[in-house]
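Analysis of the macromolecular model
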Amino acid sequence: MKKQPKLSSLIDKACFDYNLIEKGDRILIGASGGKDSTALIEYFANRARRPDCGFEYKALFIKSDFAPEFPKGIMEKFCEWKVPFEQLNVNVLERVKPGQKMSCWWCSTQRRSELLSYAMDNGYNKIALGHHMDDILETLLMNMLNKGELAAMPP
(Lines give C-alpha, C1' and ligand atoms only; values in the text may rest on other atoms or scores of the structure.)
Protein backbone atom coordinates (compact mmCIF):
# COMPACT_ATOMS: atom_id res chain seq x y z
CA MET A 1 0.00 0.00 0.00
CA LYS A 2 1.33 3.43 -0.97
CA LYS A 3 2.21 5.63 2.01
CA GLN A 4 0.07 8.75 2.10
CA PRO A 5 1.70 12.21 2.18
CA LYS A 6 2.14 13.95 5.54
CA LEU A 7 -0.46 16.57 4.56
CA SER A 8 -3.07 13.83 4.07
CA SER A 9 -2.24 12.41 7.49
CA LEU A 10 -2.69 15.84 9.05
CA ILE A 11 -6.04 16.36 7.30
CA ASP A 12 -7.11 12.85 8.39
CA LYS A 13 -6.25 13.71 11.99
CA ALA A 14 -8.30 16.93 11.86
CA CYS A 15 -11.21 15.07 10.23
CA PHE A 16 -11.22 12.42 12.95
CA ASP A 17 -10.54 14.80 15.88
CA TYR A 18 -13.40 17.13 14.90
CA ASN A 19 -15.73 14.65 13.12
CA LEU A 20 -15.45 16.76 9.98
CA ILE A 21 -16.48 13.94 7.66
CA GLU A 22 -19.31 11.66 8.76
CA LYS A 23 -21.22 8.86 7.07
CA GLY A 24 -23.87 10.26 4.75
CA ASP A 25 -22.27 13.72 4.41
CA ARG A 26 -22.59 15.67 1.20
CA ILE A 27 -19.64 18.06 1.16
CA LEU A 28 -19.15 21.01 -1.17
CA ILE A 29 -15.54 22.10 -1.57
CA GLY A 30 -14.63 25.64 -2.58
CA ALA A 31 -12.21 25.30 -5.50
CA SER A 32 -10.10 28.36 -6.27
CA GLY A 33 -7.46 26.71 -8.44
CA GLY A 34 -4.81 27.58 -5.86
CA LYS A 35 -2.56 25.17 -4.02
CA ASP A 36 -4.58 25.08 -0.78
CA SER A 37 -7.93 24.11 -2.29
CA THR A 38 -6.25 21.80 -4.81
CA ALA A 39 -4.44 19.92 -2.03
CA LEU A 40 -7.74 19.60 -0.13
CA ILE A 41 -9.55 18.34 -3.23
CA GLU A 42 -6.80 15.79 -3.88
CA TYR A 43 -7.28 14.61 -0.28
CA PHE A 44 -11.05 14.19 -0.88
CA ALA A 45 -10.44 12.36 -4.17
CA ASN A 46 -8.10 9.91 -2.45
CA ARG A 47 -10.32 9.49 0.60
CA ALA A 48 -13.37 8.83 -1.59
CA ARG A 49 -11.56 5.76 -2.96
CA ARG A 50 -11.40 4.14 0.49
CA PRO A 51 -13.80 1.23 0.98
CA ASP A 52 -15.43 2.97 3.99
CA CYS A 53 -15.95 6.28 2.14
CA GLY A 54 -19.59 6.91 3.14
CA PHE A 55 -19.76 10.50 1.84
CA GLU A 56 -20.19 12.45 -1.39
CA TYR A 57 -18.30 15.54 -2.46
CA LYS A 58 -18.13 18.07 -5.25
CA ALA A 59 -15.70 20.87 -6.06
CA LEU A 60 -17.26 24.22 -6.98
CA PHE A 61 -15.41 27.15 -8.56
CA ILE A 62 -17.13 30.50 -8.12
CA LYS A 63 -16.05 32.45 -11.22
CA SER A 64 -16.45 36.19 -10.74
CA ASP A 65 -16.68 38.53 -13.69
CA PHE A 66 -13.10 39.77 -13.30
CA ALA A 67 -11.28 36.65 -12.05
CA PRO A 68 -9.07 34.56 -14.33
CA GLU A 69 -10.32 31.29 -15.76
CA PHE A 70 -9.88 28.14 -13.71
CA PRO A 71 -6.34 26.82 -14.37
CA LYS A 72 -6.34 24.24 -17.17
CA GLY A 73 -3.61 22.15 -15.50
CA ILE A 74 -5.63 21.88 -12.27
CA MET A 75 -8.74 20.95 -14.27
CA GLU A 76 -6.75 18.15 -15.93
CA LYS A 77 -5.72 16.89 -12.47
CA PHE A 78 -9.38 16.95 -11.35
CA CYS A 79 -10.29 14.84 -14.40
CA GLU A 80 -7.45 12.42 -13.60
CA TRP A 81 -8.63 12.19 -9.97
CA LYS A 82 -12.31 11.84 -11.11
CA VAL A 83 -13.37 14.89 -9.09
CA PRO A 84 -16.98 16.03 -9.56
CA PHE A 85 -16.56 19.69 -10.56
CA GLU A 86 -18.76 22.62 -11.48
CA GLN A 87 -18.17 26.27 -12.26
CA LEU A 88 -20.69 28.91 -11.18
CA ASN A 89 -20.42 32.28 -12.93
CA VAL A 90 -21.26 35.24 -10.70
CA ASN A 91 -21.27 38.92 -11.63
CA VAL A 92 -19.80 40.43 -8.48
CA LEU A 93 -19.17 43.91 -9.92
CA GLU A 94 -22.87 44.56 -10.56
CA ARG A 95 -23.52 44.05 -6.82
CA VAL A 96 -21.36 47.00 -5.79
CA LYS A 97 -23.66 49.76 -4.61
CA PRO A 98 -23.24 53.27 -6.04
CA GLY A 99 -20.55 55.17 -4.14
CA GLN A 100 -19.04 51.95 -2.77
CA LYS A 101 -15.67 50.49 -3.75
CA MET A 102 -14.83 46.90 -4.55
CA SER A 103 -12.52 45.29 -1.99
CA CYS A 104 -10.95 41.85 -1.61
CA TRP A 105 -12.93 41.25 1.59
CA TRP A 106 -16.24 42.19 -0.05
CA CYS A 107 -15.62 40.05 -3.14
CA SER A 108 -14.60 37.12 -0.94
CA THR A 109 -17.81 37.51 1.05
CA GLN A 110 -19.87 37.49 -2.15
CA ARG A 111 -18.19 34.31 -3.41
CA ARG A 112 -18.58 32.59 -0.03
CA SER A 113 -22.27 33.57 0.04
CA GLU A 114 -22.71 31.97 -3.40
CA LEU A 115 -20.95 28.83 -2.18
CA LEU A 116 -23.26 28.61 0.85
CA SER A 117 -26.38 29.25 -1.26
CA TYR A 118 -25.35 26.57 -3.74
CA ALA A 119 -24.75 24.12 -0.89
CA MET A 120 -28.17 24.75 0.66
CA ASP A 121 -30.00 24.71 -2.70
CA ASN A 122 -28.35 21.42 -3.72
CA GLY A 123 -28.54 19.40 -0.50
CA TYR A 124 -24.96 19.70 0.72
CA ASN A 125 -24.74 19.63 4.51
CA LYS A 126 -21.12 20.78 4.82
CA ILE A 127 -18.66 22.98 2.99
CA ALA A 128 -14.88 22.63 2.99
CA LEU A 129 -12.38 25.39 2.27
CA GLY A 130 -8.65 24.98 1.77
CA HIS A 131 -7.30 27.34 4.40
CA HIS A 132 -3.97 27.07 6.19
CA MET A 133 -2.60 28.49 9.44
CA ASP A 134 -1.68 31.87 7.90
CA ASP A 135 -5.30 32.27 6.71
CA ILE A 136 -6.57 31.47 10.21
CA LEU A 137 -4.21 33.99 11.81
CA GLU A 138 -5.06 36.65 9.23
CA THR A 139 -8.77 36.15 9.93
CA LEU A 140 -8.13 36.41 13.67
CA LEU A 141 -6.27 39.70 13.22
CA MET A 142 -8.87 41.13 10.82
CA ASN A 143 -11.68 40.26 13.23
CA MET A 144 -9.80 41.82 16.15
CA LEU A 145 -8.95 45.02 14.28
CA ASN A 146 -12.10 45.50 12.19
CA LYS A 147 -14.83 43.98 14.36
CA GLY A 148 -13.34 44.15 17.85
CA GLU A 149 -13.89 40.43 18.43
CA LEU A 150 -11.55 37.56 19.15
CA ALA A 151 -12.67 35.08 16.49
CA ALA A 152 -11.10 32.93 13.80
CA MET A 153 -12.40 30.15 11.57
CA PRO A 154 -13.97 27.05 13.11
CA PRO A 155 -12.50 23.66 12.07
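All of the points below concern the structure found in this document. In this convention, every chain numbers its residues from 1, walking through the sequence in written order. This being a predicted model, a pLDDT of at least 70 is required before a residue's local features are given, and a value of 80 or more before pairs of side-chain atoms are given or counted; all residues contribute to the totals for chains, interfaces and linings. Think of the side-chain values as coming from all heavy atoms in the structure, minus any hydrogens and water.

**Some thoughts on the sheet that holds strand S1 (residues 26–30)**
Heads up, the condition is: For two strands to be treated as a pair, DSSP must find at least two bridges joining them. We count a stretch as a helix when DSSP gives it H or I for four or more residues in a row; a strand needs E for two or more, and each element gets its number in order from the N terminus. For every element, the axis is a line fit to its C-alpha atoms; helices are fit only across the contacting stretch, and the angle between N-to-C directions ranges from 0 to 180 degrees.
An order of S3-S2-S1-S4 is seen for the 4 strands of this open sheet, with the pairing classed as parallel. Either end of the sheet is taken by a strand with one partner, and the two such strands are strand S3 (85–90) and strand S4 (126–128). Along the sheet, successive strands turn relative to each other by an average axial angle of 30°, direction set aside. Pairing geometry for S1 and strand S2 (residues 56–64), over 5 bridges, is parallel. Its bridge partner being in S2, Ile-29 is matched across the sheet by Ala-59.

**Describing the nonpolar core**
Stated precisely, the cut-off is as follows: Throughout, nonpolar core names a set of buried Ala, Val, Leu, Ile, Met, Phe, Trp, Tyr and Cys residues whose side chains join them through atoms within 4.5 Å. Exposure categories follow from relative accessible area, calculated using a 1.4 Å probe and restricted to protein chains: below 20% of the type maximum is buried, above 50% is exposed, and the middle band is partly exposed. Contact between two residues is taken to exist if any of their heavy atoms lie within 4.5 Å; hydrogens are not considered.
In terms of nonpolar packing, the biggest core is built from 22 residues, with Ile-27, Ile-29, Phe-44, Tyr-57, Phe-78 and Val-83 touching the most fellow members. Those elements giving two or more residues to this core turn out to be helix H1 (6–17), S1, helix H2 (35–48), S2 and helix H3 (72–81). At 5 residues, H2 tops the list of elements feeding residues into this core. Once residues lying within four places of it in the same chain are set aside, the contact partners of Ile-29 are Leu-40, Ile-41, Phe-44, Tyr-57, Lys-58, Ala-59, Leu-60 and Ala-128. Formed by 11 residues, the second largest nonpolar core is a distinct cluster that contains Val-90, Val-92, Trp-106 and Leu-115.

**Quick word on H1**
Rules: Expected span, for any helix, means 1.5 Å times one less than how many residues it has.
With 12 residues, H1 extends 16 Å between its outermost C-alpha atoms, agreeing within 8% with the 16 Å of an ideal straight helix rising 1.5 Å per residue. Looking one or two residues past H1, Asn-19 carries a phi angle of roughly 50°, positive in sign.

**Comments concerning the pattern of salt bridges**
Just so we agree on the cut-off: Any carboxyl oxygen of Asp or Glu within 4 Å of a side-chain nitrogen of Lys or Arg constitutes a salt bridge here.
Applying the stated criterion across every chain, the model contains 10 salt bridges. We note a salt bridge from Glu-86 to Lys-58, for which the minimum N-O separation is 2.6 Å. On the criterion of sequence distance, the pair formed by Glu-86 in strand S3 and Lys-58 in strand S2 is long-range, its members being 28 residues apart. For Arg-95, the salt bridge identified is with Glu-114, shortest N-O distance 2.4 Å. With a gap of 19 residues between them, Arg-95 in the loop between S3 and helix H4 (104–121) and Glu-114 in helix H4 connect regions that are remote in the sequence.

**Structural notes on the packing of aromatic side chains**
Quick note on the threshold: Only Phe, Tyr and Trp rings take part, Trp by its six-membered ring, and two of them pair if their centres are within 6.5 Å. Stacked means planes under 30 degrees apart, edge-to-face means over 60, and tilted covers everything else.
Tallied over the entire structure, the rule returns 10 aromatic pairs. Judged by centre distance (6.3 Å) and plane angle (50°), the ring pair of Phe-55 and Tyr-57 falls under tilted. In this pair, the class of Phe-55 matches that of Tyr-57, namely buried. On the numbers, 4.9 Å between centres and 65° between planes, the contact of Phe-61 with Phe-70 is edge-to-face. An aromatic cluster is built from Phe-61, Phe-70, Phe-78, Trp-81 and Phe-85, whose rings are joined through pairwise contacts.

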